[in-house]
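Observations on the model geometry
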Number of protein chains: 2
Amino acid sequence: MDTRHMRYFMALAETLHFGRAAGRMNMSQPPFSRQIAMIERTLGVKLFERNSRNVALTPAGKHFMKDCRNVLGQFEEACRDVGLIASGMKGEMRFGFMMHAAHSVVPQLVQLYAEARPDVRLVLDERTPTEIDEMLVAGTLDAAVTFDCGYAPHLQTVLLARERLRIIMRKDHPLATVGQIGPEELREEKIIAAPAATAPALRSAINSYFSARGIVPHVVLEPRLQHTIIQLVAKGLGVALIPASLCTELGAGLISRALTNAPQLDVVLRAPITTKNPAVSTFMEIGKSIQRALL
Amino acid sequence: MDTRHMRYFMALAETLHFGRAAGRMNMSQPPFSRQIAMIERTLGVKLFERNSRNVALTPAGKHFMKDCRNVLGQFEEACRDVGLIASGMKGEMRFGFMMHAAHSVVPQLVQLYAEARPDVRLVLDERTPTEIDEMLVAGTLDAAVTFDCGYAPHLQTVLLARERLRIIMRKDHPLATVGQIGPEELREEKIIAAPAATAPALRSAINSYFSARGIVPHVVLEPRLQHTIIQLVAKGLGVALIPASLCTELGAGLISRALTNAPQLDVVLRAPITTKNPAVSTFMEIGKSIQRALL
DNA sequence: ACGATCAATGCTTTCAGGGTATCAGATGGA
DNA sequence: TCCATCTGATACCCTGAAAGCATTGATCGT
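**Description of the environment of Asn277 of chain A**
Inspection of the secondary structure assignment puts Asn277 of chain A in the loop between β11 (264-272) and α9 (279-294). Residue class for Asn277 of chain A comes out buried when judged on its relative accessible area of 14%. In the structure, Asn277 of chain A is positioned 185 residues away from Glu92 of chain A in sequence and 8.4 Å away in space, judged by C-alpha atoms. Ignoring any residue separated from it by four or fewer positions in sequence, one finds Asn277 of chain A in contact with Glu92, Met93 and Asp142 of chain A together with Pro59 of chain B. A polar side-chain atom of Asn277 of chain A sits 2.8 Å from the main-chain carbonyl oxygen of Glu92 of chain A.

**Comments concerning the interface of chain B and chain A**
Interface size, as often reported, equals the accessible area lost upon joining of the parts. Each partner contributes residues to the interface: chain B has 30 residues there, and chain A has 31 residues. Here chain B and chain A share an interface that buries about 2500 Å² over both sides, 75% of which is from carbon and sulfur atoms. Counting the surface chain B buries against chain A, the share from its top three residues, Asp2, Phe75 and Val82 of chain B, is 20%. Where chain B packs against chain A, one counts four residue pairs in polar contact (both at pLDDT 80 or more). Looking at the side of chain B that touches chain A element by element, the count peaks at 16 residues for helix α4 (residues 59-86) of chain B. Looking at the side of chain B that touches chain A residue by residue, the classes come out as 16 nonpolar, seven polar and seven charged.

**Considering the confidence of the model for chain A**
Across chain A, the average pLDDT comes to 92, with 100% of residues at 70 or higher. The element-level mean pLDDT for chain A is lowest in helix α6 (residues 129-138) of chain A, coming to 91, with strand β7 (residues 191-192) of chain A highest at 96.

**What to know about the relation of the copies chain B and chain A**
Each of the two copies of the chain can be brought onto the other by a rotation about an axis and a shift along it. Once chain B is rotated about the relating axis by 180° and shifted along it by 0.3 Å, it coincides with chain A to within an RMSD of 0.3 Å. A rotation of that kind, with that shift, is consistent with a two-fold axis.

**Side note on α9 of chain A**
In an α-helix there are 3.6 residues to a turn, and that puts residues three or four apart on one side. Residues and elements named next belong to chain A. Taking 1.5 Å as the rise per residue, α9 with 16 residues should run 22 Å; its terminal C-alpha atoms sit 24 Å apart, in good agreement. Looking at α9, one finds that the buried residues are Ala279, Val280, Thr282, Phe283, Met284, Ile286, Gly287 and Ile290. Structurally, α9 contributes buried residues whose contacts are with β3 (90-98), α5 (105-116), β4 (119-127), β5 (143-147), β6 (155-170) and β11.

**Re the protein's contact with DNA strand D**
As a structural note, the neighbourhood of DNA strand D is formed by 25 residues, with Arg50 and Arg53 of chain A together with Tyr8, Ser28 and Arg34 of chain B the closest of them. Of all DNA strand D atoms lying within 4 Å of any protein atom, the proportion belonging to sugar or phosphate reaches 66%. In the model, a base oxygen of DNA strand D is placed 2.7 Å from a nitrogen or oxygen of the Arg53 of chain A side chain. Of all elements in the fold, only α2 (18-24) and α3 (29-43) of chain A together with α1 (3-15) and α3 (29-43) of chain B reach the threshold of two or more residues within the surface near DNA strand D. The element contributing the most residues to the surface near DNA strand D is α3 of chain B, with five residues. Along the lines of polarity and charge, the residues of the surface near DNA strand D split into eight nonpolar, 11 polar and six charged.

**Observations regarding the protein's contact with DNA strand C**
The local shell around DNA strand C holds 24 residues, among which Arg4, Tyr8 and Ser28 of chain A together with Gln29 and Arg50 of chain B are the closest. What you see for DNA strand C is that sugar and phosphate hold 61% of its atoms within 4 Å of the protein. Between DNA strand C and Ser33 of chain B, the relevant distance is 3.2 Å, taken from a phosphate oxygen to a side-chain nitrogen or oxygen of the residue. Note that a phosphate oxygen of DNA strand C is positioned 2.6 Å from one of the side-chain N or O atoms of Arg50 of chain B. Counting residues per element, the ones that place at least two in the surface near DNA strand C are α1 (3-15) and α3 of chain A together with α2 (18-24) and α3 of chain B.

So, how was this worked out
- Residues numbered from 1 in each chain as written.
- Chains lettered and ligands numbered in written order.
- Predicted model: local features only at pLDDT ≥ 70, side-chain atom pairs only at ≥ 80, totals over all residues.
- Heavy atoms only, no water.
- Helix = DSSP H or I, 4+ residues; strand = E, 2+ residues; numbered from the N terminus.
- Buried < 20%, exposed > 50% of the residue type's maximum accessible area, 1.4 Å probe, protein only.
- Contact = heavy atoms within 4.5 Å.
- Polar contact = N/O pair within 3.5 Å; in protein donor to acceptor, adjacent residues only side chain to side chain.
- Buried area = accessible area lost by both parts, 1.4 Å probe.
- Nonpolar A, V, L, I, M, F, W, Y, C, P; charged D, E, K, R; others polar.
- pLDDT = per-residue confidence, 0-100.
- Least-squares fit on C-alpha atoms with pLDDT ≥ 70 in both.
- Expected span 1.5 Å × (residues − 1).
- Near = heavy atom within 4 Å.

This is the structure we're talking about:
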């Protein structure tokens, strides 16, 4: 038995006429009759009640017709889908991003992609920048939005946005009313910042902002999540330098201020150059279109 | 493309080795390699990444593998099922019965059959005896439990039970305390009985019970459903002769009494002799076993 | 460098399955 | 009743898809 036989069967089941069914299969009646007989012999079941005048389905034939319709439908769908998957029109893509990017470029990126490739299932995965780098290398992620942490030979990179850092503090903090805030003004402040092991690009930007003026920042707390940092600042445990896009949704007791010569961080979209998932390429293309809009 | 090709593909996808996959398909490696190449060419998709040393699935190949597993599973299930259906092990059977038989033989019959043929879907259909006869002829029902209404050449018949008629009345009815109740005692009573058009066997049994003594019963109401008859008796609108099996669940205000020379009705299982549904035969066999237990 | 392994290619062969001609049973009109 | 016609089954032939065998070419381990 084969799908071809099922198609023969379906042709006869639908027309109930050997000649016409054979014609539909682009063949002559005699070999068609033989095929039907063969099907019945191999299945060991009479599918048609027939004499030289009439053809009718047996009950078993009626049931088999339903089953064949399903099987043939799924069969053809499978053959069609594999082409779509190979061309990236369908399939799955695992997409990682650092938490605070969820507030800026990620929604736009995801929405544009979902419109362009509605049949690709996007698996979103929020991670820290370090985790993202590891997962990109390991192949656990197909693409990710993270901070540009420099040279990465096996990754292709698309710049999505530039983010300046701003400083956040409680509204009752002395610095809340100072005109200019730079490294010198923060020399004695308690700084809260993510550890280098979690967000290397962010932390090194903060560090060099201070060290360029010969100052060693007084980092008192090192939570891994930006969310936690904001909460700790709200509790009055220190001030923090965070990406500007995170400053739009601060709690009531907090205020953000610009920094003089504020450090800039590049938010990039990255994917392994050697990716075998064809769904990734259009994702990167959409990233590039966002990049063009940026310039 | 054909299921055979899918099987080739699956063999290679599972072994990732042309030689072993070919062996599993009982063929030598060269034609197997050609078939895989053919599949990729017809689908227009690279399914395997391979050199002379390693074989690996592409992402499209991985997806196709899942789809193939489904399709092949359903394909084989369909081929297997058609045999089961033809042998009556699986399928559907439409079974009709008159309402009051639901209280006597039907539960036993249905239960025994469901145990013997768990994969046959029993479609139960409660009907009046006349409707049942029509549907058996029309082929809308595969088998039915009804009253024996005499000669029916195109039907096979199995006696399932003999039911005597009893008379029901309100507890406060004068006849409730009379010793013997026969046609004479009922001469002046208001009788409630189903019309001959709905239940010919039942009605003619009632009629001849009276006419044997030269009495014409005074039928005042002719509801189609036994259920309705009982309710009308409860309302005091008359008395009724109903099958004994219906007397076990009378309401509180009603009482049933035996009749002298009570009429008997045969409850039979019937199916068209020419039935093409193979699920019916065991149903009839179970009917016969009930018949044997009856003697 | 060499042998072992494994997929690809070339050539031959076979049989599954298609084509044509014909038969046989059933139906309906003259 | 008989014949024309329709329809499925059979007989026989033929083609090509696909299998086998022999061999090549590439890659890896020793």
